[in-house]
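Fold and geometry: a report
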Protein chains: 2
Amino acid sequence: MSHIMNTHQRIEFFDTTLRDGTQGEGVSLSVQDKLFIAQRLDEFGMDYIEGGWPSSNPRDEEFFNLAKSIDFKHAQLCAFGSTARFPNKIESDANLNGLLRAETPVITIFGKTWRFHSEKSLGLTDAENEELIFKSVQYLKSHGRKVIFDAEHFFDGYKADADFAKKMILAAERGGADIIALCDTNGGSLPHEVSEIMKDVLSTVSVPVGIHAHNDGELAVANSIAAVRAGATHVQGTMNGLGERCGNANLASIIPNLILKLKREPMQEALHLEKLTALSNFVNEILNLPSNTRSPFVGKSAFAHKGGIHVSAVLKDSLMYEHIDPTVVGNKQRVLVSDLAGQSNIRYKAAELGVDLESNKELAKKLVDHIKKLEYEGYQFEGAEASFELILRAELGEFKPYFSVLDSRVHTEYNKHGHHAAHVMLKIEVGGEIEHTAAEGDGPVNALDNSLRKALTRFYPEIADIQLIDYKVRVLDEKQGTSAKVRVLIETSDGHATWSTVGVSTNIIEASWQALSDSVNYKLFKLHQGNEMTV
Amino acid sequence: MSHIMNTHQRIEFFDTTLRDGTQGEGVSLSVQDKLFIAQRLDEFGMDYIEGGWPSSNPRDEEFFNLAKSIDFKHAQLCAFGSTARFPNKIESDANLNGLLRAETPVITIFGKTWRFHSEKSLGLTDAENEELIFKSVQYLKSHGRKVIFDAEHFFDGYKADADFAKKMILAAERGGADIIALCDTNGGSLPHEVSEIMKDVLSTVSVPVGIHAHNDGELAVANSIAAVRAGATHVQGTMNGLGERCGNANLASIIPNLILKLKREPMQEALHLEKLTALSNFVNEILNLPSNTRSPFVGKSAFAHKGGIHVSAVLKDSLMYEHIDPTVVGNKQRVLVSDLAGQSNIRYKAAELGVDLESNKELAKKLVDHIKKLEYEGYQFEGAEASFELILRAELGEFKPYFSVLDSRVHTEYNKHGHHAAHVMLKIEVGGEIEHTAAEGDGPVNALDNSLRKALTRFYPEIADIQLIDYKVRVLDEKQGTSAKVRVLIETSDGHATWSTVGVSTNIIEASWQALSDSVNYKLFKLHQGNEMTV
């Protein structure tokens with residue numbers, strides 16, 4: 001029996017962030033984390049959410065218990081596990097029964113389709129492995145579940161012995177499997193191989209066939225697309241390509257490629273492509289992983305234009321330099337200020353701030369030269385837009401610092417008892433009045449932060465609202481050892497808006513001070529401008 | 001005229017890390033950085049190194065000047081630029097002449113092959129654009145250079161109007177172009193499109209054709225491979241996929257895929273695939289970018305096995321779970337041990353240092369607990385192996401610190417004249433004798449470094465040899481703002497060996513002090529052990 005190869009069928013998306021994704025190094029999810037992510041995946045419009053392996057660890061078991069009371073709007077929850085241990089002990093198999101106890105509408109089980117594995121890992125003959133697969137699937141089906149069979153190592157297995165591999169998936173089909181997903185478990189297959197093998201499989205089985213790729217060759221997305229073009233209608237992957245080794249196939253890249261480029265329709269009318277970027281960022285946040293700024297489609301830099309030539313073209317017509325409209329995936333266009341850019345970039349950023357430099361070329365040039373000089377010294381205004389704005393406003397004569405430092409002494413001591421302390425003495429001047437104060441802190445920068453607030457509070461009570469929420473240090477020229485310049489980036493929030501500032505010096509305290517100082521000045525500038533903080 | 005499609009020809013690799021790679025957000029390279037990278041790319045065996053755009057900025061011009069005195073072993077240096085500004089002003093064109101002045105054996109120029117661009121961006125008719133390309137290439141060829149023509153936006157241009165696109169590259173060929181590289185500048189093409197279009201181009205021109213892909217769809221590697229399978233013999237990309245937006249095609253993934261999977265041979269007999277991982281890490285280090293642990297082939301996690309099932313299988317037979325032998329690309333297999341099996345990992349690392357913990361389970365456990373506690377506090381011993389060794393040796397009773405700190409005061413001041421200074425007063429004890437000294441520095445950490453040396457010199461004159469060559473700071477929990485813990489990693493050298501140490505604290509000065517202190521202790525330990533420094 002074979003498929004009529006239908007390359008216009010809707011595609012279903014199977015998200016295994018919560019199962020395969022958690023195999024990645026440094027990834028750890030609590031049960032609550034998993035529930036939050038599951039909810040967001042459902043809202044996005046995923047067809048399946050593979051929640052974990054209930055028999056394998058208590059956290060996953062707990063997840064499935066709690067998930068029973070979730071009313072998923074679109075997604076079908078799926079529990080994952082392996083085929084039974086022995087082909088002649090199916091009904092008593094702990095793993096299969098654990099899967100049933102999870103009470104999910106869908107169950108995925110993986111089975112060996114590479115003889116190398118079934119022989120060496122499980123010690124089974126061909127017939128035994130076939131029986132194991134058939135009976136495991138059949139048992140689960142007899143309990144009314146939808147069953148997806150993950151054909152483990154399928155592509156390697158097929159290349160080693162195609163008949164064996166196909167025999168195994170036919171056994172799964174006979175057992176009643178609703179979907180057969182071919183897994184490139186070692187991640188080493190190439191797209192043309194996936195395509196050829198997928199076509200053969202589609203002429204062998206009648207049920208829908210899926211693809212589960214891994215990124216060991218940086219080809220998981222391509223392999224998934226090749227599989228779909230060859231007739232697969234079910235794609236397994238994770239958000240942001242999370243997963244063991246080099247990760248699973250990245251659904252955040254696959255989904256927009258299939259929908260926008262191949263014009264394939266998702267199974268869910270309700271798939272919200274415009275929520276993709278937010279979903280991607282959410283998953284990274286929950287995992288406390290830094291977002292990859294260069295991620296296709298969803299990355300902060302995905303539609304960020306830097307080179308001078310590009311920028312003027314982009315401003316003319318975005319199609320010239322963007323392969324899709326970023327808003328379709330919930331992302332946005334950015335124009336970066338940098339030393340590779342010329343006046344266009346700075347004019348653009350000024351325009352973003354409501355400042356028209358077109359009519360003032362002399363000022364524009366002065367600003368460009370000033371920015372370039374600072375960048376040469378190590379300042380970076382990407383990611384420090386508030387510092388950039390202060391420079392712009394200062395050149396325009398719209399901003400003057402709200403305080404000046406007369407004297408600042410930072411003192412850290414460490415003695416033989418292992419006790420260390422940091423103190424700051426700060427003398428500032430505001431409108432002719434002098435404030436002289438001292439403060440302590442966990443470290444010198446924290447002490448500076450504390451002393452600055454203390455000193456400014458009576459002049460500017462609004463300072464109390466602001467809080468540093470992010471603090472980054474980069475050593476600019478590590479080869480200089482401890483003499484190297486340091487760049488500090490600070491992110492501040494007042495509960496409504498957040499803004500970023502920068503400082504550079506060979507002295508890390510001085511660098512931190514500049515960034516802190518800009519941060520406070522920026523808040524005060526915005527306040528006195530009467531503006532809403534819109535950054 | 002057309003190619004005999006030869007899918008067995010050797011492939012040449014064109015590295016544009018130093019040009020297109022630098023367009024990436026947050027990427028900034030000094031001239032010295034570029035020279036270092038160029039050297040390593042040459043040692044690796046790249047065929048071409050595109051060094052920059054000499055007419056576009058002074059740093060690139062300086063690079064090409066200095067590069068004139070480099071004797072590249074294998075690679076041909078290449079300067080990049082655009083076609084002339086006007087088709088009727090070729091000989092006087094500043095850009096073309098700037099390219100010639102760089103005196104490189106190879107020049108790449110890019111030209112418009114998408115009418116959308118030549119019309120709207122350059123304001124040229126078809127004939128004018130054709131003439132521009134032809135004459136620009138011809139001019140450069142007349143000066144004896146090898147010329148590569150980058151057909152900008154070729155795939156979008158071809159899809160919009162194939163005849164126009166082909167007409168433009170034929171013009172380049174007529175002008176004498178040695179190679180024509182088709183660029184997927186917006187990065188949105190799919191592999192099957194690249195394949196079809198490449199085949200048509202190969203039946204249109206006679207010169208070798210190359211591919212220059214971008215990763216906006218997470219398909220740059222796949223597109224490059226598809227192009228090669230279709231007959232391209234020249235692949236452009238960057239190390240680690242650096243580049244604007246989502247990056248360029250990643251040569252670190254393309255090269256092993258082509259050589260190991262497609263069994264294609266590189267043009268250079270001297271291409272050292274086993275140096276790939278080191279090269280990748282080197283580029284990240286120089287750029288001060290964190291390495292992506294999940295990078296295919298070269299990432300730290302690329303061959304790291306976590307799940308329990310995998311681990312026992314991997315130890316049996318690596319082919320079961322690895323798509324290639326990691327050592328072929330200079331990487332290595334790692335078995336990640338869960339918290340429950342921490343002892344294996346520590347035993348392994350101790351064995352690396354010639355210390356046998358097998359026979360002393362109690363000590364092993366004590367060490368594990370100590371290391372775990374420190375890691376929980378933020379210490380990291382990968383990349384700080386000297387600190388690890390000191391802990392191990394201390395537990396074994398083989399090491400005791402060579403000095404103790406009685407008192408240390410670090411003082412930074414900043415006054416209204418913008419003057420800042422850092423002073424350290426240090427009181428240490430060595431073998432009952434007290435040394436009390438003071439020193440200045442560019443910043444507090446530098447001052448500490450200087451004072452420690454000053455204090456120890458009369459006891460341990462060998463200290464004079466050591467030099468800090470690398471200093472990294474990472475804020476461990478940025479959400480804590482200025483109260484966050486900081487981890488400092490220091491790399492030290494004595495001219496023969498280099499070693500790394502770590503320090504963690506909420507106080508950056510304290511953290512730096514720990515790492516400095518370990519660094520000096522380690523040198524002294526090795527010296528007094530009578531060992532060669534083998535780390």
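Note that the structure is predicted; figures quoted are calculated from it, not measured.

**So, helix α9 (residues 220–229) of chain B**
- Summarising burial for α9 of chain B: 9 of the 10 residues are buried, a large majority.
- Along α9 of chain B, the residues that are buried comprise Ala220, Val221, Ala222, Asn223, Ser224, Ile225, Ala226, Ala227 and Val228 of chain B.
- The elements touched by buried residues of α9 of chain B are α9 (220–229) of chain A together with α8 (191–202), β7 (209–212), β8 (234–237) and α10 (251–261) of chain B.
- Gly231 of chain B occupies a position one or two residues after α9 of chain B and carries a positive phi of about 125°.

**Looking at the nonpolar core**
- Of all hydrophobic cores here, the largest spans 186 residues; its most connected members are Phe149 and Leu182 of chain A together with Phe149 and Leu182 of chain B.
- Non-local contacts of Leu182 of chain B, meaning those with residues more than four positions away in its chain, are made with Ala151, Phe154, Phe155, Ile169, Met198, Val201, Val209, Gly210, Ile211 and His212 of chain B.
- Counting 83 residues, the second-largest nonpolar core is a separate cluster that includes Leu468 and Ala484 of chain A together with Phe459 and Ala515 of chain B.

**Notes on the pattern of salt bridges**
- Applying the stated criterion across every chain, the model contains 51 salt bridges over all chains.
- Notably, a salt bridge pairs Arg409 of chain A with Asp407 of chain A, separated by 3.0 Å at the nearest N-O pair.
- Looking at Asp407 of chain A, the relative accessible area reads 14%, which means it is buried.
- Lys365 of chain B is paired through a salt bridge with Asp369 of chain B; the nearest N and O atoms lie 2.9 Å apart.

**Brief notes about the interface of chain B and chain A**
- Residue-level contacts link 107 residues of chain B with 108 residues of chain A.
- Carbon and sulfur atoms make up 50% of the surface buried where chain B meets chain A, a total of about 9,300 Å² over both sides.
- In this assembly, chain B and chain A are joined by 0 salt bridges.
- Inspection of the chain B/chain A interface yields 25 residue pairs in polar contact (both at pLDDT 80 or more).
- In the side of chain B that touches chain A, the residues fall into 38 nonpolar, 40 polar and 29 charged.

**Observations concerning the sheet that holds strand β8 (residues 234–237) of chain A**
- The strand order around the closed barrel formed by 8 strands is β1-β2-β3-β4-β5-β6-β7-β8 (chain A), and the pairing between neighbours is parallel. Averaged over neighbouring strand pairs, the angle between their axes works out to 25° when direction is ignored.

**Considering the side chain of Ser280 of chain B**
- When you line up the elements, Ser280 of chain B lands in helix α11 (residues 276–286).
- In this structure the side chain of Ser280 of chain B is engaged in a polar contact, spanning 2.6 Å, whose partner is the side chain of Asn240 of chain B.

**With respect to the domain arrangement of chain A**
All names here are of chain A.
- When cut into domains, chain A gives domain 1 (12–287), domain 2 (304–376) and domain 3 (403–459).
- The distance between the C-alpha centroids of domain 1 and domain 2 comes to 44 Å.
- Facing 7 residues of domain 1, the contacting portion of domain 2 comprises 7 residues.
- Interface area lost by domain 1 to domain 2 is led by Leu260, Lys261 and Thr277, which between them contribute 64%.
- The tally of links between domain 1 and domain 2 comes to 0 salt bridges.
- Inspection of the region where domain 1 meets domain 2 yields 4 residue pairs in polar contact (both at pLDDT 80 or more).

**Quick word on the sheet that holds strand β16 (residues 498–505) of chain B**
Residue and element names in this part refer to chain B.
- Strands sit in the order β14-β15-β16 across an open sheet of 3 strands; the sheet is antiparallel. Looking at strand neighbours, the two that pair on one side only are β14 (467–475) and β16, the edges of this open sheet. Strand-to-strand twist of the sheet, defined as the mean angle between neighbouring strand axes without regard to direction, takes the value 15°.
- Pairing of β14 with strand β15 (residues 486–493) involves 8 bridges; the strand directions are antiparallel. Bridge pairing links Leu468 to Thr492 in β15.
- Sheet strands touched by helix α17 (residues 508–529): β14, β15 and β16. Its angle to β16, the strand with the most contacts, is close to 150°.

**Points about helix α1 (residues 31–44) of chain A**
All names here are of chain A.
- For α1, built from 14 residues, the straight-helix expectation of 20 Å at 1.5 Å per residue is met to within 8% by its first-to-last C-alpha distance of 20 Å.
- Those residues of α1 not exposed but buried are Val31, Asp33, Lys34, Leu35, Ile37, Ala38, Leu41, Asp42 and Phe44.
- Gly45 sits one or two residues past α1 and shows a positive phi near 120°.

The rules we used
- Residues numbered from 1 in each chain as written.
- Chains lettered and ligands numbered in written order.
- Predicted model: local features only at pLDDT ≥ 70, side-chain atom pairs only at ≥ 80, totals over all residues.
- Heavy atoms only, no water.
- Buried < 20%, exposed > 50% of the residue type's maximum accessible area, 1.4 Å probe, protein only.
- Helix = DSSP H or I, 4+ residues; strand = E, 2+ residues; numbered from the N terminus.
- Contact = heavy atoms within 4.5 Å.
- Core = buried A, V, L, I, M, F, W, Y, C linked by side-chain atoms within 4.5 Å.
- Salt bridge = Lys/Arg side-chain N within 4 Å of Asp/Glu carboxyl O.
- Buried area = accessible area lost by both parts, 1.4 Å probe.
- Polar contact = N/O pair within 3.5 Å; in protein donor to acceptor, adjacent residues only side chain to side chain.
- Nonpolar A, V, L, I, M, F, W, Y, C, P; charged D, E, K, R; others polar.
- Pairing = 2+ DSSP bridges.
- Axes fitted to C-alpha atoms, helices over the stretch in contact; angles between N-to-C directions.
- Domains from an automatic or database assignment.
- Expected span 1.5 Å × (residues − 1).

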